[in-house]
Amino acid sequence: MSTATKEKMSVRHLLVVLTGIMITFGCSALCFSTWGLFQPVVAEGLGVETTSFAFYVTVMYLTMTVASPIAGKLLQSMDIRIILTGSALLVGCAFLLMSFSNTIVLFYVAAVMLGLGEISILWLAIPTLINRWFADRAGFFIGLCMAFTGIGGAVWSAVFTALMSSGMDFHAIYRIWAIIALVTSVPFTLFAVRNDPQSCGLNPYGAAVAAANAGKVVKPTGLSASRAMKTPAFYAVCVFAGLINIAILIAMQFPTYTKSLEGAAFDVLVVGGIMTTVMMVGQALFKVILGAVADKNAKGALVFAFCAGVAGILLCWFGVFSEYVMYVGAFIFGGCYATAVVLVPIVVRQSFGSREYSIIYSRVSTVFNLIAAFASMIWAFIGSTFGFSVAFIVAIVMLVLILALGLFVFANAQKYKGEWTE
């Protein structure tokens, strides 16, 4: 009589996680966590307004929006090593182009290259790879990989500050960024990762395997993309993900919020900057925690993130009598900020399965990135026009809607579990 066993963690499984860590630590952190540092320097150097430079971020997000469905199909049908390596080369070449650019137009061209590269590197490839390779603890490993965008951001921000203090021109720093992006990615995307465990004669970590059938592979199950996109849960999860990406970006307004405080007993500029830093540390830590919790109870992770978001906003809103209360609020809000890249892919996987996950998630990502292109402008408009009390109320209302939509997705998706096939 055969006994059921589970696939153990192999070196191949660990190399997939290492690859995820390295591409977020390098390519993604350099792209998403340092552009704000370059903004005043590049704008001054090129003789343009800072808004002209900031527009390149909008171009990048709009490119990711357009490219997301295409990238999802490619990830489903092609060897992921080719896609990831090509994406890393695009990111490296984009930084190289910026290092030779003396006109803002070339920065917009580079933004398109960054968008084409990052849509796979950050948004699609890591959830896809981890879900292929891990039947157990997938949420934890997605959170671990994604945490390195924040960790990398802290490291590269310090490097940027040191290089600028030494008198280095921003063109030279972009060349260094290009080298770092390529060195921390290409060796891993080429040699450390494989498309799926089956191609290595393995099964996903934690997948049940009958001892008598150890030679057979475990195929991913779930709804087809065409079937999933006809369910109410799919449209609900798109709105769910989009609202998350608006709500969390209120954190980027913390420095503007503190600057608006009148009669504060602290240096509002310093406190605003520290709040942003503390929030980034919090979101890096909570990405790992949230992923681990979601493995056991995704609904519980959603409720936790909702509570963290509301508590964080209330502490920042009403804690103006002490900068330390505001720091605590910013840190706690990091637990909500982490939902974007950790909880959303887990909800999609648990709702629709792994069979055509990359295609389904890429459609959700299309909504996600389209909203991200304008989310910061939405908060800036609300804060400057109606004041931050209104902005915080709007954020809390959004969090309530996110919780309601998430609970609906879990309930509705359960109805289609009987239709899951290989």
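Our structure's up above, just so we're on the same page.
Residues numbered from 1 in each chain as written. Predicted model: local features only at pLDDT ≥ 70, side-chain atom pairs only at ≥ 80, totals over all residues. Heavy atoms only, no water.

Peer 1: If you had to explain the overall build of the chain to someone new, which residues and values would you point to?
Peer 2: When its secondary structure is counted, the chain shows 17 helices and 2 strands. Taking 422 residues into account, the globule formula puts the C-alpha radius of gyration at 22 Å, and the chain, at 21 Å, falls close to it. C-alpha extents for the chain along the principal axes are approximately 75 × 45 × 35 Å. Expressed as a percentage of the 422 residues in the chain, the buried residues total 55%. When contacts within the chain are restricted to residue pairs at least 6 apart in sequence, those whose partners lie at least 24 apart make up 82%. Counting every atom, the chain has about 16,800 Å² of accessible surface; 69% of that belongs to carbon and sulfur. One way to put it: in the chain the 22 positive side-chain charges average out to a point 15 Å from where the 15 negative ones average out. (Helix = DSSP H or I, 4+ residues; strand = E, 2+ residues; numbered from the N terminus. Rg over C-alpha atoms; globule rule 2.2 N^0.38 Å. Buried < 20%, exposed > 50% of the residue type's maximum accessible area, 1.4 Å probe, protein only. Contact = heavy atoms within 4.5 Å. Areas by Shrake-Rupley, 256 points an atom, 1.4 Å probe, with all protein chains shown as cover. Lys, Arg positive; Asp, Glu negative; His and termini not counted. Charge placed at Lys NZ, Arg CZ, Asp CG, Glu CD.)

Peer 1: Could you give an account of the nonpolar core, with specific residues and numbers?
Peer 2: Of all hydrophobic cores here, the largest spans 146 residues; its most connected members are Phe95, Trp123, Ile130 and Trp177. When residues in this core are grouped by element, the largest group, 16 residues, is from helix α5 (residues 104-133). Ignoring sequence-local partners within four residues, the contact set of tryptophan 123 consists of Phe32, Tyr61, Met64, Glu118, Val341, Tyr361, Ser365, Phe368 and Asn369. (Core = buried A, V, L, I, M, F, W, Y, C linked by side-chain atoms within 4.5 Å.)

Peer 1: Describe helix α3 (residues 50-77), with residues and values.
Peer 2: Taking 1.5 Å of rise per residue, the 28 residues of α3 would be expected to cover 40 Å, and the 41 Å separating its terminal C-alpha atoms lies within 8% of that figure. For α3, the principal kink sits at alanine 67 and spans about 45 degrees; a proline, proline 69, occurs within the next four residues. (Expected span 1.5 Å × (residues − 1). Bend = angle between axes of the 7 residues up to and from the residue.)

Peer 1: Describe the pattern of salt bridges, and please don't skip the residues or the numbers.
Peer 2: Per the counting criterion, the structure on display carries 2 salt bridges. Residues arginine 81 and aspartate 79 are paired through a salt bridge, measuring 2.9 Å at the closest nitrogen-oxygen approach. Overall, aspartate 79 belongs to the partly exposed group, its relative accessible area being 24%. Glutamate 419 serves as the salt-bridge partner of arginine 227, at 2.8 Å between the closest nitrogen and oxygen. (Salt bridge = Lys/Arg side-chain N within 4 Å of Asp/Glu carboxyl O.)

Peer 1: Account for a nonpolar patch on the surface, with residues named and values stated.
Peer 2: Judged by side-chain polarity, Leu62, Leu370, Phe374, Met377 and Ile378 come together as a nonpolar surface patch covering roughly 400 Å² of accessible area. When residues in the nonpolar patch are grouped by element, the largest group, 4 residues, is from helix α16 (residues 357-386). When you line up the elements, isoleucine 378 lands in helix α16. (Patch = residues over 30% accessible without salt bridge, like charges linked within 9 Å, V, L, I, M, F, W, Y side chains within 5 Å.)

Peer 1: Can you tell me about unusual backbone geometry, naming the residues and giving the values?
Peer 2: Excluding glycine, a negative phi dihedral is what most residues carry, and trans is how most peptide bonds are arranged. A positive phi is found at arginine 137, a non-glycine position, where the angle reads about 60 degrees. Here arginine 137 lies in the loop between α5 and α6 (138-165).

Peer 1: Summarise the environment of alanine 247; cite the residues concerned and give the values.
Peer 2: Mapped onto the fold, alanine 247 is located in helix α10 (residues 232-248). Judged by relative accessible area, which is 2%, alanine 247 ranks as buried. As a C-alpha pair, alanine 247 and alanine 395 span 148 residues in sequence and 5.6 Å in three-dimensional space. In contact with alanine 247, not counting residues within four places along its chain, are Phe333, Trp379, Met398, Leu399 and Ile402.

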